[in-house]
Amino acid sequence: MSAELPTQARVVIIGGGVIGCSVAYHLTKLGWNDVVLIEQGQLSGGTTWHAAGLVGQLRSQSSMTTLVRYSTELYARLEAETGLATGWKNCGSVSVARTQDRMIQLRRTAASARAQGVAVEVITPEEAGKLWPPMATDDLVGAVWLPGDGKANPTDLTQSLAKGARLGGAKIFERVRVTGIRTKDGRATGVSTNKGDIAAEIVVNCAGQWARNVGRMCGVSVPLHSAEHMYIVTGRIEGVHPDLPVMRDPDGYTYYKEEVGGLVMGGFEPHAKPWGMDGIPDDFEFALLPDDWDQFEILMENALVRVPQLAHAEIKKFYNGPESFTPDNNFILGEAPELGNFFVGAGFNSMGIASAGGAGRALAEWIVNGEPTMDLWPVDIRRFGPFNANQSFLHDRVKETLGLHYAMPWPNRELDLARPLRCSPLYDRLKAKGAVFGSKMGWERANWFATENEKAETEYSFDRQNWHDAVRREMKATREAAAIFDQTSFAKLLLQGRDACAVLNRICGANIDVEIGRSVYTGMFNSRGGYESDLTVLRLAADRFLVVTGSAQPVRDFDSINRNIPAEAHAVLTDVTSSYAVLGLMGPKSRDVLSRLTPTDLSEDAFPFATHRQIDVGYGICIANRMTYVGELGWELIVPTEFAAGVYDALHEAGRDIGLMDAGYYALEALRLEKGYRAWSRELTPDINPWQAGLGFAVDLDKAGGFIGREAILEAKGRPVTRRVVQLTLEDSSPMLWGGELILRDGKPVGEMRSAAYGHSIGCAVGLGYVDRPEGVDKEFLMAGRFQVDVAGSLHDAKLHLKAAYDPQGSKIRSSPSPAKAA
Ligand SMILES: Cc1cc2nc3c(=O)[nH]c(=O)nc-3n(C[C@H](O)[C@H](O)[C@H](O)COP(=O)(O)OP(=O)(O)OC[C@H]3O[C@@H](n4cnc5c(N)ncnc54)[C@H](O)[C@@H]3O)c2cc1C
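This text gives an overview of the structure that appears in the document. This is a predicted model, so every value here is computed, not measured.

Time to look at the packing of aromatic side chains. By the definition in use, this model includes 21 aromatic pairs. The cationic tip of R613 hangs over the ring face of F607; the distance from NZ or CZ to the ring centre is 4.9 Å.

Printed below as a string of structure tokens:
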């Protein structure tokens, strides 16, 4: 431990768990040596010390898999650098399936592991039994074997990272508590502690389950809540040896690893127990909660089925440790949108040991570079809004999130608890009409509409789900008549001021300095030329722009725009999302419907594509924006909230005789995929540039003043495109695709599907995915290959489309800007 607390440092890290130590280590590796880490107790004494230490590489998002794979490499080599062992053992892991559905999921997992370059093998129950002798296998359907997985000793790992950080110049102080965050002009400038103040350029909140409280010290919301997580340690068990792989039995909610000839057995029960409702005591150090055998019963019952010897094993210790969980079971990383220079790395949902290496490096790079160096959206702090830190919401939500680790990851799975949260003004109307809701950014959104004879509830499956026919109806209405989509959840940001145009033009890739009344589809880019967002900009006046962006991104896009408004510029950004509902009126007969309700001339000449006007609709007013995300004639009606119900009723009344229907997000997704429209966070990510996305036409490299990311995009233009977004349809009309499937070209893995759906207009599954090739993916390469998609282990022939699979009037996708706004 270092001796005297300094009065200033470049970076102060709060928290000496595995995460704080990893951030300190990686900062020093990047050459930032003036780093101070402060721990209120002893290193690892918070949550880290009692972790089970499992390190499983495969995550549902490929960027997250990249982080854990780096962790495994780091843990394997750290001892050589620091002289302190990490306890890393590359023992591999076996995951078993009790049901056919679970086996489908494991096969899908295996295929996506291959897509991500992770070694994996689908094995029989007998082979699983050989790898893991104490296990009963007679009820199993199959298993997968991941030889690269392993386990680490959490305390040793933390100490080794701390030593590495110290060797790099970091100073570590134990028994010092941060009591306040110092701020000036919207930026963190240091910390106050019980032993004095430290001025700092950067403050990093790695305070584990205390991180929400530390955030509150400076008005930063860190939405996490503790829940109890339990495991037991047994005496010796026959067949258990030091090289025994980790074993997971997700249908039985349990995991197992060897420890001193016995087993660590713990799990993730479906109904978790929140803890720490009145705050986490400061002195909760090397502490545990009381044993709770009632809560543990469901795990124990299932463990006895899998490892019968447990019935006679000695129980040496019951560990009940609290750990912090987030609303979506992903951790929280990044610079707080509320406070500049204040970073957060917390909420690790019982994956902190596995994630620490990669997450620590990613956060350190973010700090040093001023922006992430890879796609971190799944864990980005800006995916949450302030409402996510509501205590009652968090308390109820974490009851469900802990169990998600082993719950069946059904396609389209929605969370059930702490809902409804945010409701559009049409919520009750849609519900009464059979809407089955999903949730995004807290908004309840109609996914599909059940008729009176159908059950208004989604029944999950890897095959066609019970809404298949409902979505067919909704798509047919959209393609042949008209449909209304409640898209109120779209984020809406208003930028106003004398300099608004110049400021926004520098942030957006397309030229937004257009005539008043025009709407521009554009990307926002990072310095690597990757998509930070894609959105539509409506020029309402010379000095006023409405930015309409994806439902998930209001905080992120607000932050991206706001941080790029120069201090001296006259431009003010306001989030007006709650002020407007959005009704998407889409379909070839949408003009007929709308013209019955408005005196405005809606003809092609008077109201062309990519323009907007304020119009009357019934008794209400709205901004009608001639855009579509489904590839049909249509308007997005941006309606002041109080008029929304009236406008909605009037549209239905006017469209009754032409077959106007309500339609939901499942139909919207399938319609956009048939047209090949890209969505941000799926096909368009911070790691994808416009050439790779096939959207080069939607950036203006020549506009005056340039834009953020222009140089990187220009430079990429001269290089071969090594990754490309492609559209694929299956030749066989039966199978479903959901996204995440492996793509093969001439039998060799070349990429993965990013989004997929059933395209009822074209009669087969359709999706967008990436194809990778280091030498470049050009038209010849794409056209010369035979493509297949791996659907849970079976290969299906696929057709690759260079023009949209659905386009009866000829391809529009390249000639007119994709009006894509992430749904
Ligand atoms: C029973 C159990 C089993 C687990 N098993 C696994 C596993 O197998 N694999 C896996 O990957 N993960 C596992 N985990 C999760 C893992 O333990 C955590 O995700 C990880 O330890 C979190 O690390 P951290 O650094 O964020 O938090 P912590 O270790 O809690 O560190 C935060 C530190 O911040 C300090 N602090 C807080 N406030 C202040 C302040 N104001 N001033 C100074 N210091 C402060 C605290 O004292 C604490 O030491 C498990 C967790 C539990 C509970």
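With that settled, consider the site of the ligand. Taken together, 35 residues surround the ligand, and among them E39, T48, L54, E323 and A354 come closest. In this structure, T48 approaches the ligand through a side-chain N or O atom, which is 2.5 Å from an oxygen atom. E323 has a polar side-chain atom sitting 2.6 Å from an oxygen atom of the ligand. Its free accessible area being 1000 Å², the ligand has 97% of it covered by the protein chains. Among the residues forming the shell around the ligand, the class breakdown is 18 nonpolar, 14 polar and 3 charged.

Taken N-terminus to C-terminus, the directions of helix α1 (residues 18-29) and helix α5 (residues 154-167) make an angle of 30 degrees; their axes are 8 Å apart at the nearest point. By the angle between their directions, the pair α1 and α5 is classed as roughly parallel. Along this stretch, α1 crosses α5, giving a crossing that reads as left-handed. In contact with V18, C21, S22, A24, Y25 and T28 of α1, α5 contributes L157, T158, L161, A162, G164 and A165. Grouping the amino acids of the contact of α1 with α5 by side-chain chemistry returns 8 nonpolar, 4 polar and no charged.

Take the pattern of salt bridges next. According to the stated counting rule, one finds 50 salt bridges in the structure shown. With a closest N to O distance of 3.3 Å, R10 and E201 form a salt bridge. Of this pair, R10 sits in strand β1 (residues 8-14) while E201 sits in strand β11 (residues 196-205), and the two are 191 residues apart along the sequence. Here E201 falls in the partly exposed class, since its relative accessible area comes to 44%. Here R563 ties to E335 by a salt bridge, and the two come within 3.3 Å at their closest N and O atoms. Separated by 228 residues along the polypeptide, R563 in the loop between α13 (554-562) and β27 (572-575) and E335 in strand β18 (residues 332-335) bring together distant segments of the chain. Judged by its relative accessible area of 42%, R563 is partly exposed. Connected via shared salt-bridge partners are E335, D380, R382, E532, R556, D559 and R563.

What the second largest pocket holds in volume is close to 700 Å³. Surrounding the second largest pocket, 34 residues form its lining, A336, P337, E338, D559 and N562 being those nearest its centre. Examining the composition of the lining of the second largest pocket, we find that 5 residues originate from one element, α13, more than from any other. For the lining of the second largest pocket, the class distribution of residues is 18 nonpolar, 9 polar and 7 charged.

Another point: helix α11 (residues 468-480). With 13 residues, α11 extends 18 Å from end C-alpha to end C-alpha; this agrees with the ideal 18 Å at 1.5 Å per step. Taken together, the buried positions of α11 are occupied by H468, A470, V471, E474, M475, A477, T478 and R479. Of the surrounding elements, those touching the buried residues of α11 are β21 (443-449), β22 (483-486), β28 (580-586), β32 (661-663), α16 (665-675) and β35 (748-759).

Right, let's talk about empty space enclosed by the protein for a bit. The final tally for this structure, using the stated rule, is 4 cavities of 30 Å³ or more. Approximately 60 Å³ is the volume found for the largest cavity. Around the largest cavity, the lining residues are L426, L430, A446, F449, I484, F485, D486, Y648, D662, A663, G664 and Y665. Grouping the amino acids of the lining of the largest cavity by side-chain chemistry returns 9 nonpolar, 1 polar and 2 charged. Of the voids in this model, the second largest cavity is the one considered here, and its volume is about 50 Å³. If you trace the second largest cavity, you find it lined by S424, L430, F437, W443, E444, R445, A446, D486, T488 and S489. The leading source of residues in the lining of the second largest cavity is β21, at 4 residues. Its residues placed into classes, the lining of the second largest cavity shows 4 nonpolar, 3 polar and 3 charged.

Thresholds, definitions, all that
Counting restarts for each chain, with residues numbered from 1 along the sequence as it is written. Totals for whole chains, interfaces and linings use every residue, but because this is a predicted model, local features are given only for residues with pLDDT of at least 70 and side-chain atom pairs only at 80 or more, for both listing and counting. For side-chain calculations, the full set of non-hydrogen atoms in the structure is used, while hydrogens and water are omitted. Only Phe, Tyr and Trp rings are paired, with Trp represented by its six-membered ring, and only when their centres lie within 6.5 Å; those with planes under 30 degrees apart are stacked, over 60 edge-to-face, the remainder tilted. Criterion for a charge above a ring: Lys NZ or Arg CZ within 6 Å of the ring centre, and within 35 degrees of the ring normal. A molecule or strand has a residue near it when one of that residue's heavy atoms lies within 4 Å. Polar contact is defined as a pair of N or O atoms within 3.5 Å, subject to the rule that within protein one atom must be able to donate a hydrogen and the other to accept it, and that residues adjacent in sequence are counted only when both atoms are side-chain atoms. Using a 1.4 Å probe, accessible areas were evaluated by the Shrake-Rupley method; residue-level cover was limited to the displayed protein chains. Charged means Asp, Glu, Lys or Arg here, nonpolar means Ala, Val, Leu, Ile, Met, Phe, Trp, Tyr, Cys or Pro, and polar covers whatever is left, Gly included. Only C-alpha atoms enter the line fits that serve as axes; for helices the fit covers just the stretch in contact. Angles between N-to-C directions range over 0 to 180 degrees. Starting at the N terminus, helices and strands are each numbered in turn, a helix being any DSSP run of H or I of at least four residues and a strand any DSSP run of E of at least two. Roughly parallel covers angles under 35 degrees, roughly antiparallel covers those over 145, roughly perpendicular covers 65 to 115, and oblique covers all other angles. Throughout, a crossing is termed right-handed when the near helix is turned clockwise from the far one, and left-handed when it is turned anticlockwise from it by less than a right angle. Contacts: residue pairs with any heavy atoms within 4.5 Å of one another. Just to be clear on terms, a salt bridge is a Lys or Arg side-chain nitrogen sitting within 4 Å of an Asp or Glu carboxyl oxygen. Under the scheme applied here, a residue whose accessible area is under 20% of the maximum for its type counts as buried, over 50% as exposed, and between as partly exposed, the area being computed with a 1.4 Å probe on protein chains only. Residues are said to line a cavity or pocket when one of their atoms sits within 4 Å of a point; the points come from a 1 Å grid over protein atoms alone, cavities being sets where a 1.4 Å probe fits but cannot get out and pockets being open sets with protein on both sides within 12 Å along at least five of seven lines. Grid points are joined across faces, edges and corners, and a volume is the space filled by probe spheres set on the points. Here the expected length of a helix is defined as 1.5 Å per residue gap, with one fewer gap than residues.

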